[in-house]
Amino acid sequence: MTTPHDNGRLMYAYAVLRSGARPPGGLLGIGDTPVHTVAEGPLAALVSTVPTAEFDQPQVRERLEDLAWLESTARAHRRVVDETAAEVGVLPLRLVTVYRDEDSVRAVLAANAERFELLLARLDGRLEWGVKAYARASEDSRAAAGHESAARPAPSPAGAESGREFLRRRLRDRKVRDTARQESDGLARAVHDTLTQAAEESRLHRPQDPRLAEAVAASGAADADGHAPAGNRAAVTRGANLLNGAYLVRREQAGEFAERVGELAARSPALRIELTGPWAPYSFTDLPEEAP
């Protein structure tokens with residue numbers, strides 16, 4: 001039998017779903033190749049073919065260092081997973097999950113059937129929402145500037161500030177900034193606690209560099225979690241990223257969750273709160289510790 005690998009092609013797997021579930025019609029994957037399913041028992045994998053020359057070892061390790069290639073691959077991967085997740089339950093797989101042929105895909109489905117079924121049952125009917133909270137950078141600078149102008153003594157006749165006065169002023173400014181940061185940190189924790197109660201599960205990711213967030217928003221590229229905005233947006237000045245959370249929410253509760261985020265944003269003027277999603281449940285593809 002001729003396999004994709006025999007023809008210079010490999011099988012790229014995007015997600016696991018239940019056997020019988022189908023991706024949206026006409027869905028294209030990496031390299032604009034048609035997406036289809038490979039079934040094994042109660043499970044199926046969402047796959048398309050990719051060129052061996054790009055995705056086989058060791059070539060793919062070199063490709064992963066090519067940021068343009070990585071961004072293009074990640075965008076296509078996420079598009080396939082998210083468009084399918086909008087219609088059926090899916091278990092997203094890691095970026096660049098590649099197999100030799102359909103038999104290899106079936107073997108993996110069979111070997112991991114129990115784990116995959118547990119995860120699909122846990123994630124069925126649920127989607128992921130992302131919430132980021134940033135300190136409003138301009139407020140910190142305005143507070144420090146206002147305090148500085150009010151507290152700074154009149155200049156000496158010589159127009160020079162003594163070293164002691166300079167150090168005192170710097171310490172006052174730092175105290176103002178530290179106090180504002182502590183208040184913002186507390187608000188971000190409260191936002192996360194509230195949203196955790198509104199969601200079925202939550203995850204905290206590493207804070208994102210605000211400079212990266214601004215570049216992402218301006219370019220339309222995928223963010224640090226692989227999520228791509230719907231379109232290009234003007235860059236927005238952001239302060240420190242104080243919250244980078246993911247929340248698992250039932251489909252039917254999505255509107256209520258979004259409203260809750262909006263309410264928190266309105267009550268937290270010291271924070272810039274951003275909601276993204278819904279996405280496939282990328283952050284929830286691990287089993288709880290108590291699961292077998």
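Each chain carries its own residue numbering, running from 1 in the written order of its sequence. Side-chain atom pairs in this predicted model are given and counted only at pLDDT of 80 or more, local residue features only at pLDDT of at least 70, and totals for whole chains, interfaces and linings cover all residues. With hydrogens and water set aside, each side-chain value is computed from the structure's full complement of heavy atoms.

(A) Quick peek at the overall build of the protein chain. Starting at the N terminus, helices and strands are each numbered in turn, a helix being any DSSP run of H or I of at least four residues and a strand any DSSP run of E of at least two. From N to C terminus, the protein chain includes 9 helices and 8 strands. Residues counted as buried form 40% of the 292 residues belonging to the protein chain. Whether two residues touch is decided by their heavy atoms; if any such pair falls within 4.5 Å, the residues are in contact. Considering only contacts within the protein chain whose residues lie at least 6 apart along the sequence, 78% involve residues at least 24 apart. Each residue is placed in one exposure class: buried if its accessible area under a 1.4 Å probe, protein chains only, is under 20% of its type's maximum, exposed if it is over 50%, and partly exposed if it falls in between.

(B) Local environment of helix 5 (residues 113-123). Among the residues of helix 5, those classed as buried are A113, F116, L119, L120, R122 and L123. Looking one or two places after helix 5, you find G125, whose phi comes out positive at around 75°.

(C) Fine view of the pattern of salt bridges. Here, a salt bridge means any Lys or Arg side-chain nitrogen found within 4 Å of an Asp or Glu carboxyl oxygen. Enumeration according to the criterion identifies 11 salt bridges in this entry. With its nearest N and O atoms 2.4 Å apart, the salt bridge here joins E200 to R126. In this pair, E200 is assigned in the loop between helix 7 (163-198) and strand 6 (201-204) and R126 in strand 5 (residues 126-135), connecting sequence segments 74 residues apart. Accessibility expressed as a relative area gives 37% for E200, which makes it partly exposed.

(D) Quick peek at the nonpolar core. By nonpolar core is meant a set of buried Ala, Val, Leu, Ile, Met, Phe, Trp, Tyr and Cys residues that side-chain atoms within 4.5 Å join together. Within the largest apolar cluster, 25 residues are counted, with the highest numbers of intra-cluster contacts made by Y12, Y14, I30, F55, V81 and V90. Those elements that provide at least two residues to this core are strand 1 (9-18), strand 3 (43-51) and helix 3 (67-85). Setting aside residues no more than four positions away along its own chain, V90 makes contact with A15, V16, V81, T84, A85, L120, L123, A280 and P281. One finds V16, V105, L123 and L248 within the second-largest nonpolar core, a separate group that totals 19 residues.

(E) Focus on the sheet that holds strand 7 (residues 241-250). One bridge is not enough; two strands pair if DSSP finds at least two bridges between them. Here we have 4 strands laid out as an open sheet, ordered 6-7-5-8, and antiparallel in their pairing. Looking at the sheet topology across the chains shown, the edges are occupied by strand 6 and strand 8 (271-279). Taken over all neighbouring pairs, the strand axes of this sheet differ in orientation by 20° on average, direction set aside. In the packing of helix 5 onto the sheet, the strands contacted are strand 5, strand 6 and strand 7, and the crossing angle to strand 5 comes to about 70°. Helix axes use the C-alpha atoms of the stretch in contact, all axes being lines fitted to C-alpha atoms, and the angles between their N-to-C directions lie in the range 0 to 180 degrees.

(F) Main features of the confidence of the model for the protein chain. Known as pLDDT, the predictor's confidence for each residue is given on a scale from 0 to 100. Residues of the protein chain with pLDDT of at least 70 account for 74%, and the chain-wide mean is 80. Here residues 139-152 scores under 50 on pLDDT; set against residues more than four positions off or in separate chains, the count is 13 contacts. Confidence over residues 219-234 falls short of pLDDT 50; this stretch has 37 contacts with residues more than four positions distant or in other chains.

(G) Geometry of the side chain of D56. As for its position among the elements, D56 is in the loop between helix 1 (52-55) and helix 2 (59-63). A relative accessible area of 16% means that D56 is categorised as buried. The term polar contact refers here to a pair of N or O atoms within 3.5 Å; inside protein, the definition further demands a hydrogen-donor-capable atom paired with an acceptor-capable atom, and it admits residues adjacent in sequence only when both atoms are side-chain atoms. Reaching out from D56, the side chain makes a polar contact with the side chain of R100 at a distance of 3.2 Å.

(H) Highlighting unusual backbone geometry. Along the chain, G277 connects to P278 via a cis peptide bond; the corresponding omega equals 0°. With respect to the element layout, P278 can be found in strand 8. With a phi angle near 60°, D32 is a residue other than glycine that sits in the positive phi range. With respect to the helices, strands and loops of the structure, D32 is situated in the loop between strand 1 and strand 2 (36-40). When its relative accessible area of 57% is taken as the criterion, D32 is described as exposed. A positive phi is found at V96, a non-glycine position, where the angle reads about 60°. Summarising the element assignment, V96 is placed in strand 4 (residues 91-99).

(I) View of the sheet that holds strand 1. Read across the sheet, 4 strands follow the order 2-3-1-4 without closing on themselves; strand pairing throughout is antiparallel. Taken across any chain shown, the strands that pair with only one partner, and hence form the sheet edges, are strand 2 and strand 4. Strand-to-strand, the axes of this sheet are offset by a mean angle of 30°, without reference to chain direction. In this sheet, strand 3 lies alongside strand 1 in antiparallel orientation, the contact comprising 9 bridges. By the bridge assignment for strand 3, M11 is matched with T49.

(J) View of the packing of aromatic side chains. Ring pairs shown here join Phe, Tyr and Trp side chains whose ring centres sit within 6.5 Å, with only the six-membered ring taken for Trp; geometry is labelled stacked below 30 degrees between planes, edge-to-face above 60, and tilted in between. For the structure shown, the criterion picks out 5 aromatic pairs. Judged by centre distance (4.8 Å) and plane angle (45°), the rings of Y12 and Y14 are tilted. Owing to a relative accessible area of 0%, Y12 belongs among the buried residues under this scheme. With a centroid separation of 5.8 Å and an interplanar angle of 40°, the aromatic rings of Y247 and F257 are classed as tilted. Of this pair, Y247 sits in strand 7 while F257 sits in helix 9 (residues 254-267), and the two are 10 residues apart along the sequence. Taken as a pair, Y247 and F257 share a single burial class, namely buried.

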